[in-house]
Amino acid sequence: MALQLGDVVPDFTQDSTEGPIQFHKWIGSGWCVLFSHPKNFTPVCTTELGAVAKLKKEFDKRNCKIIGLSVDPLKDHVAWSKDIEETQGAKLNFPLLADADRKVSNLYGMIHPNASDTMTVRSVFVIGPDKKLKLSITYPASTGRNFDEILRVIDSLQLTANYKVATPVNWKHGEDCIIVPAVSEVEAKQLFPKGYKTLKPYLRLTPQPNL
Ligand code: BEZ
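Just so we're clear, the structure is a prediction, and the values are computed from it rather than from any experiment.

S.K.: What is the right way to read the overall build of the protein from this model?
M.R.: Counting its regular elements, the protein contains 6 helices and 11 strands. With the C-alpha coordinates aligned to their principal axes, the bounding extent of the protein is approximately 60 × 40 × 30 Å. When burial is assessed residue by residue, the protein has 44% of its 211 residues classed as buried. Considering only intrachain contacts with a sequence separation of at least 6, the fraction spanning at least 24 residues in the protein is 64%. Looking at the protein, you have 26 positive and 23 negative side-chain charges, and the mean spots of the two groups are 5 Å apart.

In structure tokens form, the structure reads like this:
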């Protein structure tokens, strides 16, 4: 069965551009984004890896490690990383798994045979410190991902893990949040000292509580 939100993600050991990775141990006590690429030496993937390298500091700020995957051998990853640096102006600064035997791709359901038998789709998995799956998104090979959106979701996941709020449509860090409907009026007054606006009994807006 496909990996579902709340599942503990599969552990594995696989080669990478930064040496063998024992996944759960490598994640440690923070957050992690694991994302797959259909194939080495392809244009969209090249732009994505350059963009993620440039955003690395943003992931670091969120205590979130990033790790890519492609079903190609390690020696090709090394050659490709030179192209990424040359064309995107950013050096790979996170590991890229060399999943030539498809061990990880199969464990995570990254190969969708009706899309392609040989290449992975563009999977994104956000994994929490408890090693549980918090988010998964699947894009086709032809569409490059928006990693600002992944950062936005991590902001929401980290906030909602600690406060009894949810984040509304298109929410960004710093904007008002929704008090979860299960919170009573009495509790809401205690938990949200900055106050809140009640538009409907089930729709209460409060300033972002951790700012
Ligand atoms: C790309 O990264 O450009 C790509 C990879 C596989 C299929 C189509 C595009």
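On we go.
S.K.: Is there a simple way to explain the site of the ligand in this structure?
M.R.: As a structural note, the neighbourhood of the ligand is formed by Pro38, Thr42, Pro43, Val44, Cys45, Met119, Arg122 and Ala141. A distance of 3.2 Å separates an oxygen atom of the ligand from a polar atom in the backbone of Pro43. In the model, an oxygen atom of the ligand is placed 3.0 Å from a nitrogen or oxygen of the Arg122 side chain. Protein burial of the ligand: of its 260 Å² of free accessible surface, 78% is covered by the chains.

S.K.: Is there a simple way to think about the nonpolar core in this case?
M.R.: Note on soluble globular proteins: their nonpolar side chains tend to be buried together. Grouped together as the largest cluster of nonpolar side chains are 27 residues, with contacts concentrated most on Val33, Leu49, Phe59, Phe94, Val126 and Ile150. Sorting the residues of this core by element identifies strand S3 (31-37), helix H2 (43-61), strand S4 (64-70), helix H3 (74-88), strand S6 (122-127), strand S7 (133-139) and helix H5 (147-162) as the ones contributing at least two each. Once residues within four sequence positions are removed from consideration, Val126 is found in contact with Trp31, Cys32, Val33, Lys132, Leu133, Lys134, Leu135, Ile150, Ile154 and Leu157. The next biggest cluster of nonpolar side chains, apart from the first, holds 18 residues, and it includes Trp26, Leu34, Ile67 and Ile127.

S.K.: Is there a simple way to explain the pattern of salt bridges in this structure?
M.R.: Any two side chains of opposite charge can pair, so long as their charged atoms come close to each other. Summed over all chains, the structure comprises 14 salt bridges. For Asp60, the salt bridge identified is with Lys56, shortest N-O distance 3.2 Å. Here Asp60 and its partner Lys56 are both found in helix H2, 4 residues apart, which amounts to about one turn of the helix. Among the residues examined, Asp60 registers a relative accessible area of 41% and is labelled partly exposed. The salt bridge partner of Glu185 is Lys189, with a shortest N-O separation of 3.9 Å. Of the two residues, Glu185 and Lys189 are both situated in helix H6 (residues 185-191); the distance of 4 residues between them amounts to about one turn of the helix. Taking relative accessible area as the criterion, Glu185 reaches 37% and is therefore assigned partly exposed. Through salt bridges with shared partners, a single network forms among Glu58, Lys61, Arg62 and Asp155.

S.K.: Hey, could you run me through unusual backbone geometry in this one?
M.R.: Where the residue is not glycine, phi is negative for most of them; where a peptide bond is considered, it is trans in most cases. Located in the positive-phi region is Arg102, a residue other than glycine, with phi close to 60°. Relative to the helices and strands, Arg102 resides in the loop between strand S5 (96-98) and helix H4 (103-107). Exposure remark for Arg102: the relative accessible area of 26% places this residue in the partly exposed category.

Here is what the cut-offs are and how they apply
Per chain, residues are indexed from 1 in the order of the written sequence. Local features in this predicted model are restricted to residues of pLDDT 70 or higher, and side-chain atom pairs are both shown and tallied only at a pLDDT of 80 or more, whereas totals for entire chains, interfaces and linings draw on every residue. Side-chain figures throughout are based on the complete set of non-hydrogen atoms in the structure, without hydrogens or water. Runs of H or I in DSSP of at least four residues are treated as helices and runs of E of at least two as strands, each being numbered from the N terminus. Each residue's exposure class comes from its accessible area (1.4 Å probe, protein chains only) as a fraction of the maximum for that residue type: buried when under 20%, exposed when over 50%, partly exposed otherwise. By the convention used here, residues are in contact when the closest approach between their heavy atoms is within 4.5 Å. Positive charge is attributed to Lys and Arg, negative charge to Asp and Glu, and no charge count is given to His or to the chain ends. In this description, the location of a charge corresponds to atom NZ of lysine, CZ of arginine, CG of aspartate or CD of glutamate. Residue proximity to a molecule or strand is established when one non-hydrogen atom of the residue lies within 4 Å of it. Identification of polar contacts relies on pairs of N or O atoms within 3.5 Å, with a donor-acceptor requirement for protein atoms, meaning one able to donate a hydrogen and the other able to accept it, and with residues adjacent in sequence counted only if both atoms are side-chain atoms. The accessible surface values rely on the Shrake-Rupley method and a 1.4 Å probe; as for residues, cover is taken only from the protein chains in view. The term nonpolar core refers to a set of buried residues drawn from Ala, Val, Leu, Ile, Met, Phe, Trp, Tyr and Cys, joined through side-chain atoms within 4.5 Å. Salt bridges are defined as contacts in which a side-chain nitrogen from Lys or Arg sits within 4 Å of a carboxyl oxygen from Asp or Glu.

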